[in-house]
Amino acid sequence: MGQRNAFGSQIRYWRNARGRTQLEVAMKSGYSQRHVSFLESGRARPSREAVLVMADTLDIPTSARNGLLEAAGFAPLYTHEPLTSARLEGVITALQEILSSHQPFPAILVDRAWNMFGANETAVALFRHFPGTADPGDGTTPTNAIRVCLDPGGLKPFIRNWDGFIRGMLGQLKRELEHNVMHEELSNLIADIEAAINATGSRYTVDTEGNFPVALLELEKGETRVDLYTMMSAFNMPMDATLAELRIETFFPANPETRQFLNDLDEKVRDTEREESRAMTPVRQ
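Small disclaimer: the values here were computed from a predicted structure and weren't measured.

Student: I tried to follow the pattern of salt bridges on my own but got confused; where do I start?
Tutor: It is possible for side chains of opposite charge to pair when their charged atoms get near one another. Tallying each qualifying case throughout the model produces 13 salt bridges. Residues Arg147 and Asp192 are paired through a salt bridge, measuring 2.7 Å at the closest nitrogen-oxygen approach. A residue pair is termed long-range when its members are at least 10 positions apart, and Arg147 in helix α8 (residues 145-150) and Asp192 in helix α10 (residues 184-200) qualify at 45 residues. Note on Arg147: relative accessible area 35%, which makes it partly exposed.

Structure follows, in structure tokens:
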């Protein structure tokens with residue numbers, strides 16, 4: 001009974017976190033409201049299929065699903081491999097190929113809390129263009145892309161629309177936290193963003209004069225202006241908790257001037273690579 005109650009307590013926790021009634025869960029899962037009630041109270045023993053159906057119904061994060069299975073008396077189904085695991089080698093290679101194929105535009109590999117685990121060469125060159133901005137992490141001690149934007153010694157002074165941009169990121173992070181309500185790092189990051197916004201004393205406004213259909217990241221340094229918009233990609237139905245956290249953020253130029261800047265930046269990267277290659281080539285006598 002104790003084990004079934006552990007499962008029922010978790011289901012009730014996630015149902016409340018999602019703001020749903022037992023009737024709503026029943027309608028979406030295909031089970032009766034009575035059966036949902038019995039699962040929560042421990043009066044009904046869940047089958048393995050019922051555990052997975054309830055996990056899907058309540059959109060429970062991959063990282064929490066093994067606990068749900070174990071509470072119901074079943075073996076774990078999902079893995080949680082490190083990025084260096086041989087088991088993930090194929091999909092990590094695919095992620096690296098996506099980053100590379102997005103050149104000459106920037107692309108970064110991040111987790112749910114925007115810790116960077118990879119970047120293509122244009123992204124690295126773009127970060128280095130702005131003094132004080134750290135390079136993307138090496139996978140061991142990753143740089144946090146959002147904290148770089150909060151840092152007065154990082155990217156913050158160069159973000160022309162910092163207030164609107166960071167408020168937009170705040171909303172996105174809050175939606176991520178709604179999905180994974182136990183994500184402590186996300187909670188801390190949200191608190192730090194709110195503190196940074198409050199410190200400016202600015203009030204939220206919506207840009208009604210801009211004519212671009214999506215929000216922009218507007219970077220400015222001297223006479224250089226770089227306007228970017230982004231798209232996020234994630235794995236569909238990941239069976240590993242590490243992969244479930246990963247996203248690729250791809251950046252695109254919002255105008256011809258930014259496109260030209262990125263093309264020139266990419267060409268400089270290629271020139272540097274060619275020079276380094278020539279320097280490493282042994283001279284034949």
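Student: I would appreciate a short explanation of the layout of surface pockets in the present structure.
Tutor: Which parts of space are left empty comes out when a probe the size of a water molecule is rolled across the atoms. As a volume, the second largest pocket reaches approximately 370 Å³. In terms of lining, the second largest pocket is formed by 18 residues, of which the most central are Thr62, Phe235, Met237, Pro238 and Ala244. For the lining of the second largest pocket, the secondary structure elements donating two or more residues are α5 (62-71) and α11 (241-245). The residue makeup of the lining of the second largest pocket, split by class, is eleven nonpolar, two polar and five charged.

Student: Help me out: how do you make sense of the packing of aromatic side chains in this one?
Tutor: Geometrically, a pair of aromatic rings is defined through the distance of the ring centres and the angle of the planes. Inspection of every chain in the model, using the stated rule, returns three aromatic pairs. Where Phe212 meets Tyr229, the ring centres are 5.2 Å apart and the plane angle is 45°; that geometry is what we call tilted. Separated by 17 residues along the polypeptide, Phe212 in the loop between α10 and β3 (217-221) and Tyr229 in strand β4 (residues 224-234) bring together distant segments of the chain. A relative accessible area of 23% places Tyr229 in the partly exposed class. A centroid spacing of 5.5 Å and a plane angle of 20° characterise the contact between Tyr229 and Phe252, whose relative ring orientation is stacked. Residue Tyr229 is located in strand β4, and its partner Phe252 is located in strand β5 (residues 247-253); the two are separated by 23 residues in the primary sequence. Three or more aromatic residues joined by ring pairs form one cluster here, namely Phe212, Tyr229 and Phe252. When the ring centre of Trp162 is taken as reference, the NZ or CZ atom of Lys156 above it lies at 4.3 Å.

Student: Honestly, the pairing of strand β2 (residues 116-119) in this entry has me stumped. Any pointers?
Tutor: Remark: a regular strand shows side chains that alternate across the two faces of the sheet. The sheet contact formed by strand β1 (residues 107-110) and β2 spans three bridges and is antiparallel. Each residue of the ladder has a partner; that of Leu109, found in β2, is Gly118. Hairpin connection of β1 to β2: five residues between the antiparallel strands, including Trp114 at a positive phi of 65°.

Student: I would appreciate a short explanation of helix α9 (residues 162-179) in the present structure.
Tutor: Residues separated by three or four positions in an α-helix point in the same direction, a consequence of the helix having 3.6 residues per turn. The end-to-end C-alpha distance of α9 is 26 Å, a good match for the 26 Å that 18 residues give at a rise of 1.5 Å each. Those residues of α9 that sit buried are Trp162, Asp163, Phe165, Ile166, Arg167, Met169, Leu170, Leu173, Glu176, Leu177 and His179.

Student: Any chance you could explain α10 here in plain terms?
Tutor: Along its 17 residues, α10 runs 25 Å from first to last C-alpha, staying within 8% of the 24 Å computed at 1.5 Å per residue. Taken together, the buried positions of α10 are occupied by Leu186, Leu189, Ile190, Ile193, Ala196 and Ile197. With its buried residues spanning 125° around the axis, α10 presents them on a single face. Opposite the buried face of α10, at more than 90 degrees from it, the exposed residues are Glu184, Asn198 and Ala199. Buried positions along α10 lie against α8 and α9. Phi turns positive one or two residues past the end of α10, at Gly201, with a value near 70°.

Calculation notes
- Residues numbered from 1 in each chain as written.
- Predicted model: local features only at pLDDT ≥ 70, side-chain atom pairs only at ≥ 80, totals over all residues.
- Heavy atoms only, no water.
- Salt bridge = Lys/Arg side-chain N within 4 Å of Asp/Glu carboxyl O.
- Helix = DSSP H or I, 4+ residues; strand = E, 2+ residues; numbered from the N terminus.
- Buried < 20%, exposed > 50% of the residue type's maximum accessible area, 1.4 Å probe, protein only.
- 1 Å grid on protein atoms, 1.4 Å probe; cavity = no way out; pocket = protein on both sides within 12 Å on 5 of 7 lines; lining within 4 Å.
- Points joined across faces, edges and corners; volume = space filled by probe spheres on them.
- Nonpolar A, V, L, I, M, F, W, Y, C, P; charged D, E, K, R; others polar.
- Phe/Tyr/Trp six-rings, centres within 6.5 Å; stacked < 30°, edge-to-face > 60°.
- Lys NZ or Arg CZ within 6 Å of the ring centre and 35° of its normal.
- Pairing = 2+ DSSP bridges.
- Expected span 1.5 Å × (residues − 1).
- Arc of directions from axis to C-beta.
- Contact = heavy atoms within 4.5 Å.

Functional significance is not addressed by these values, which are geometric in nature.
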